[in-house]
Amino acid sequence: MSLKNKKLRPRDMANKDAVLSPIDDLAPLPAPYDTNGLEPEFKPMKPEWAEKHCASLDGFIALDTLKRPETKEEEDEFVKKFLSGLEKLFSDSNARGLQPLKLTMEFCAKCNTCSDACHIYQGSNGDEIYRPSFRVDVLRRMYNRYFTPGGKLLPGFTGADVEVNWESIARLAELSYRCNLCRRCAQVCPMGLDNGLVAKEIRKLFSQEMGIAPTPVHAKGTELQLKTGSSTGLTKPAFLDTLEFLEEDIEERTGRKVKFPIDKKGADVLLMHNAGEFITWPENPAAFAILLDEAGIDWTLSSEMLGYDSVNYGIWYDDFQAKKVAMKHFEVARKLGVRRIVVGECGHAHKAIAVAADRMASAEQRVPVESFLPLMADLVRKGKLKFDPSKNDFPVTLHDPCNVVRQMGIVMPQREILKVIAPQFREMTPNGVDNYCCGGGSGFAIMSSYNFGDFRDKVSARTKWAQIINAFKDEFENPEIIKYVCAPCSNCKGTIRELLKEYKATANYNVQYGGLVELMVNALVSMDKPYLEFLED
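Keep in mind it's a predicted model, so treat the numbers as computed, not measured. (Residues numbered from 1 in each chain as written. Predicted model: local features only at pLDDT ≥ 70, side-chain atom pairs only at ≥ 80, totals over all residues. Heavy atoms only, no water.)

Student: Give me the overall build of the protein chain: which residues, what numbers.
Tutor: Per the secondary structure count, the protein chain includes 24 helices and 8 strands. For 537 residues, the compact-globule estimate of 2.2 N^0.38 gives 24 Å, and the C-alpha radius of gyration of the protein chain, at 24 Å, lies within 12% of that figure. Judged by the C-alpha coordinates and their principal axes, the protein chain covers about 75 × 55 × 45 Å. Residues counted as buried form 61% of the 537 residues belonging to the protein chain. Intrachain contacts of the protein chain at a sequence separation of at least 6 include 78% that bridge at least 24 residues. As presented, the protein chain carries roughly 21300 Å² of accessible surface, and 49% of it is formed by carbon and sulfur atoms. Distance from the positive charge centre (70 side chains) to the negative charge centre (75 side chains) of the protein chain: 5 Å. (Helix = DSSP H or I, 4+ residues; strand = E, 2+ residues; numbered from the N terminus. Rg over C-alpha atoms; globule rule 2.2 N^0.38 Å. Buried < 20%, exposed > 50% of the residue type's maximum accessible area, 1.4 Å probe, protein only. Contact = heavy atoms within 4.5 Å. Areas by Shrake-Rupley, 256 points an atom, 1.4 Å probe, with all protein chains shown as cover. Lys, Arg positive; Asp, Glu negative; His and termini not counted. Charge placed at Lys NZ, Arg CZ, Asp CG, Glu CD.)

Student: Account for the sheet that holds strand β5 (residues 396-398), with residues named and values stated.
Tutor: Strand order in the open sheet formed by 4 strands is β6-β5-β7-β8, with parallel pairing between adjacent strands. With partners counted over all chains shown, the strands left at the sheet margins are β6 (425-426) and β8 (511-514), one partner each. One ladder, built from 3 bridges, connects β5 with strand β7 (residues 483-486); its direction is parallel. Bridging across to β7, L398 finds its partner in C486. (Pairing = 2+ DSSP bridges.)

Student: Tell me about the pattern of salt bridges, and please be specific about residues and values.
Tutor: Scanning all chains against the criterion turns up 42 salt bridges. When the shortest N-O distance is used, the salt bridge between K335 and E331 registers 3.3 Å. Of the two residues, K335 and E331 both sit in helix α15 (residues 319-336), 4 residues apart, roughly one turn of that helix. Given a relative accessible area of 46%, K335 falls into the partly exposed group. The network of salt bridges with shared partners includes K110, D137, R140, R141 and D161. (Salt bridge = Lys/Arg side-chain N within 4 Å of Asp/Glu carboxyl O.)

Student: Explain the packing of aromatic side chains to me, using residue names and the numbers behind them.
Tutor: This structure, assessed with the given rule, holds 27 aromatic pairs. Ring-pair connections join several aromatic residues into one group, and the members of that group are F42, F60, Y130, F444, F452 and F455. (Phe/Tyr/Trp six-rings, centres within 6.5 Å; stacked < 30°, edge-to-face > 60°.)

Student: Quick rundown of a nonpolar patch on the surface? Include the residues and the values.
Tutor: A cluster of nonpolar side chains, contributed by L103, F107 and M191, occupies part of the molecular surface with about 280 Å² of accessible area. If you trace the backbone, M191 turns up in the loop between α9 (184-188) and α10 (195-210). (Patch = residues over 30% accessible without salt bridge, like charges linked within 9 Å, V, L, I, M, F, W, Y side chains within 5 Å.)

Student: Break down unusual backbone geometry for me, with residues and values.
Tutor: A cis amide bond links A31 with the next residue in sequence, P32, at an omega value of 5°. Here P32 shows up in the segment before α1 (47-52). In the segment running from T429 into P430, the intervening peptide bond is cis, with an omega of -10°. Relative to the assigned elements, P430 resides in the loop between β6 and α20 (452-460). Of note in the backbone geometry, L181 takes a positive phi value of approximately 55° without being a glycine. Mapped onto the elements of the fold, L181 is located in the loop between α8 (166-176) and α9.

Student: Explain the sheet that holds strand β4 (residues 369-371) to me, using residue names and the numbers behind them.
Tutor: If you trace the 4 strands from one edge of the open sheet to the other, you get β2-β1-β3-β4, paired in parallel fashion. Pairing within the sheet leaves two strands with one partner each, and these edge strands are β2 (299-300) and β4. Two strands pair when backbone bridges link them, and strand β1 (residues 269-272) and strand β3 (residues 340-343) are joined in this way by 4 bridges, in the parallel orientation. What sits directly across from L271, in β3, is V342. Running over the sheet, α15 touches β1, β2, β3 and β4 and is turned about 150° from β1. Strands in contact with helix α17 (residues 372-381) are β3 and β4; relative to β4, the strand with the most contacts, it is inclined by about 60°. (Axes fitted to C-alpha atoms, helices over the stretch in contact; angles between N-to-C directions.)

Student: I'd like to hear about the domain arrangement of the protein chain, residue by residue, with values.
Tutor: By the assigned domains, the protein chain splits into domain 1 (3-210) and domain 2 (221-535). When each unit is reduced to the centre of its C-alpha atoms, the spacing between domain 1 and domain 2 is 31 Å. Each side of the interface is counted separately: domain 1 has 45 residues, and domain 2 has 46 residues. In this assembly, domain 1 and domain 2 are joined by 5 salt bridges. Across the domain 1-domain 2 interface, the total number found is 28 residue pairs in polar contact (both at pLDDT 80 or more). (Domains from an automatic or database assignment. Polar contact = N/O pair within 3.5 Å; in protein donor to acceptor, adjacent residues only side chain to side chain.)

Student: Residues and numbers for the packing of helix α2 (residues 72-89) against α8, please.
Tutor: Running from N to C, α2 and α8 cross one another at 50°; their axes reach a closest spacing of 10 Å. Classified by the interaxial angle, the pair formed by α2 and α8 is oblique. As α2 packs across α8, the resulting crossing turns out to be left-handed. Across the interface between the two elements, E75, F78, V79 and F82 from α2 touch W166, I169 and L172 from α8. Classifying every residue of the contact of α2 with α8 by side-chain character gives 6 nonpolar, no polar and 1 charged. (Parallel < 35°, antiparallel > 145°, perpendicular 65-115°, else oblique. Left-handed = near helix turned anticlockwise from the far one by under 90°. Nonpolar A, V, L, I, M, F, W, Y, C, P; charged D, E, K, R; others polar.)

Now the structure itself:
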């Protein structure tokens, strides 16, 4: 039974026999992807996946650790744990999100302004379950049914009509992972409500109370980071070997002898990277080293556990995990006695240590934290770096990472830089704080269990993909023209990489991607050869 063509109601979440909303009607893409055959098809759902997990929400599985109970006793225990966690969610007076959570639950006017602002709702062509307010409505009705007098006595008359069973709980868990936590909905809400926060709180409930979180985010992310020092498994010896290799590579490619200062006491700047950069995009930390060296900045990297990995996946799903990582980051900086931490090209690392961790740490634990963007803009403004913009004379557009722009308000520094180094720079529409998420935020960029990568590439990233195409609409179909998507965030780059691969945009249309600092190095007057690989030929 499919409820796709009906007006969905929250109470349908408890209907064990229904697939609530299989996706079969996506928003159209701009040319040339409006032509049949250019867009990849959804991968088919394997029956054994649905037998073991919850695939009845929309046909996708994000939570590989959420498994169907085999006995009635197991299901009863599952429901009991959920209700216990639900009660705690609304009674913990120490929870920082309690007040906005309650306000969002109680005062929604159902104006649907949040839906109009949501890239996932837009990408799905208006699928009811992806309304930001839908999951809030489900949670509200569940809570009222079990924890309010009216809900217990007259659930059907008091808006408490969502029955709690394995299917409804599992669907709610999956639904919390159909949101990128970009909080664009919160930005536009006329009541000041935050549906993105509610999605995060639901994730916390499942992780902290029930031990359920996506393996790529928790076991292969946070736990691996706390165990080995890096969310990628990059150990200290491997990290040091990587830096040695990068120094040799920089000299070979540029003729420069640039050293990575390691564990330098009392430096002005402790630079922290997403460790994924060292493995997947080593040209990015190398570019930082070249720029800081040329500008004469007193900086260092840390080789201590977690000191060379600014990732903090806990902010997406589990406050306890987030605090463990954040406190270690501050501890590393205090031991080195640096004046400030500067966060490199990782959007969620910006939010984690500059915003979330600031509220987790005491005054004695904190170290001042800054984004790399104002630092780089200041170097450009003061003439510490000299550029020849003709080296970047190809179309460039900017993707604004949500956690840098919308969460922290860092909007202009990156634009100042691009206007100096990229003569064909053009904005996406909309941009700045009104930007759309890349579709990979809140963990989606690293989540490809079962068929969830399809949801990211074809649904949650769909609005961003349309923005990218439209930014280059006059040149897109000409493969002779290089088109560069500047994405100063590791997770955003990961998503955009997958988009360009899935839609064959690099192979067919010469759409390239990368960070901001690579583009800066490529434009340096002092560079004799191109720094960007796609220019080397």
